[in-house]
Amino acid sequence: MDSAVFQHFRPEERPFIERINDWRNQAVDEYRPILTNFLDPRQIFLIESVLGKLDQSFQYWQFGGYNQAERRRVIFAPGYYTPEMADYQLQLFEIKYPQKFADLSHGKILGTLINSGVERSQFGDIITNGQDWQFFGVKNMTDFFTEQISKIGAINVRVEAISDMDVLVPSNDWVNETLLITSFRLDTIVADTFKISRQRAKDLIEGQRVQVNWTVVTRPDFQVDLLDMLSVRKFGRVQLRAVLGQTRKERFKVQIGTLRRQPLSGQK
């Protein structure tokens, strides 16, 4: 791979970019499809950026269980290959719990799965219609999910493998917004999105309460890039979706998606 490619991305992303090249070469050299685990939106963006325009000798495909899935498995394949749904090796799981007496949340489910020892790449989106909860996982982890996950917090649950025909229509609380920012620093975007002071944003970041792409980041000057997913504990999530231009005062106009945990009036 041309070393000049790496200068366009973060140093810590270099190992993943090298993996992209390895997957591509393996698919071409062995003339067979190569399936990844679940990748996050930033990783998929990197694949699209690194591979660029494709030709008839090589293609890649992505799917996460439903059309709006954030996290997806990717198939790298020779040009002759067209995948079927079964090739993604996905399994849909439903969480059964006493709905009259308990409430689940995305955070509680995510925390339980990760604390069980499962790598984040082994399961995809966690979705809900406001009452029922489901998630997608890699098919060869079915026995683990159904046999080992019996509690979420203090709530007794049962995880069942179900047909992908029964996938929920997820309630979508994401809101598209336009934001004017002076820079792409992490503290700037957190502060401007959630209408808090820059110092408060800095304190949250240095206090390990902010994640970028599901990894804790403690540097307020960390540079946020396209399709990065930011999670701010007790505030919500924000994704940088597009850079729309620059104003005369040299502010950047960006499109973000937000999922707020609290009303703005409750954040000081």
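Rules used in this analysis
- Residues numbered from 1 in each chain as written.
- Predicted model: local features only at pLDDT ≥ 70, side-chain atom pairs only at ≥ 80, totals over all residues.
- Heavy atoms only, no water.
- Helix = DSSP H or I, 4+ residues; strand = E, 2+ residues; numbered from the N terminus.
- Rg over C-alpha atoms; globule rule 2.2 N^0.38 Å.
- Buried < 20%, exposed > 50% of the residue type's maximum accessible area, 1.4 Å probe, protein only.
- Contact = heavy atoms within 4.5 Å.
- Areas by Shrake-Rupley, 256 points an atom, 1.4 Å probe, with all protein chains shown as cover.
- Lys, Arg positive; Asp, Glu negative; His and termini not counted.
- Charge placed at Lys NZ, Arg CZ, Asp CG, Glu CD.
- Axes fitted to C-alpha atoms, helices over the stretch in contact; angles between N-to-C directions.
- Parallel < 35°, antiparallel > 145°, perpendicular 65-115°, else oblique.
- Left-handed = near helix turned anticlockwise from the far one by under 90°.
- Nonpolar A, V, L, I, M, F, W, Y, C, P; charged D, E, K, R; others polar.
- pLDDT = per-residue confidence, 0-100.
- Pairing = 2+ DSSP bridges.

Chemist: I'm lost on the overall build of the protein chain in this one. Help?
Modeler: Counting its regular elements, the protein chain contains six helices and 15 strands. Computed over its C-alpha atoms, the radius of gyration of the protein chain comes to 20 Å, within 12% of the 18 Å expected for a compact globule of 268 residues. For the protein chain, the C-alpha atoms occupy an extent of roughly 55 × 50 × 30 Å along the three principal directions. Looking at the protein chain as a whole, 45% of its 268 residues are labelled buried. The contacts in the protein chain between residues at least 6 apart in sequence include a share of 61% that link residues at least 24 apart. Counting every atom, the protein chain has about 14,500 Å² of accessible surface; 46% of that belongs to carbon and sulfur. Once the 35 positive and 33 negative side-chain charges of the protein chain are each reduced to a mean point, those two points are 9 Å apart.

Chemist: Would you mind going over the packing of helix H5 (residues 186-194) against helix H6 (residues 198-206) with me for this structure?
Modeler: Each pair of packed helices gets described by two things: the angle between the helix axes and the distance between those axes. Running from N to C, H5 and H6 cross one another at 120°; their axes reach a closest spacing of 8 Å. Judged on the interaxial angle alone, H6 and H5 are oblique. As H5 packs across H6, the resulting crossing turns out to be right-handed. The residues of H6 that touch H5, namely those facing Leu 186, Asp 187, Thr 188, Val 190 and Ala 191, are Arg 198, Ala 201, Lys 202 and Ile 205. Here the contact of H5 with H6 is composed, by residue class, of five nonpolar, one polar and three charged.

Chemist: How do you make sense of the confidence of the model for the protein chain when you look at a structure like this?
Modeler: Detailed reading of the predicted coordinates is not advisable wherever pLDDT is low. Of all residues in the protein chain, 94% attain a pLDDT of 70 or more, and the chain-wide mean is 91. For the stretch residues 262-268, pLDDT sits under 50, and the model shows 12 contacts to residues farther than four places along the chain or on other chains.

Chemist: It is not clear to me how the sheet that holds strand S14 (residues 236-246) should be interpreted in this structure. Could you clarify?
Modeler: Sheets are built from strands paired through backbone hydrogen bonds, the pairs being either parallel or antiparallel. Spatial strand order, S10-S15-S14-S13-S11-S12: six strands in an open sheet with antiparallel pairing. Among the strands making up the open sheet, the edge pair consists of strand S10 (175-181) and strand S12 (215-216). Relative to strand S15 (residues 252-260), S10 is paired through seven bridges, and the arrangement is antiparallel. Of the residues in S15, the one forming a bridge with Thr 178 is Gln 255.

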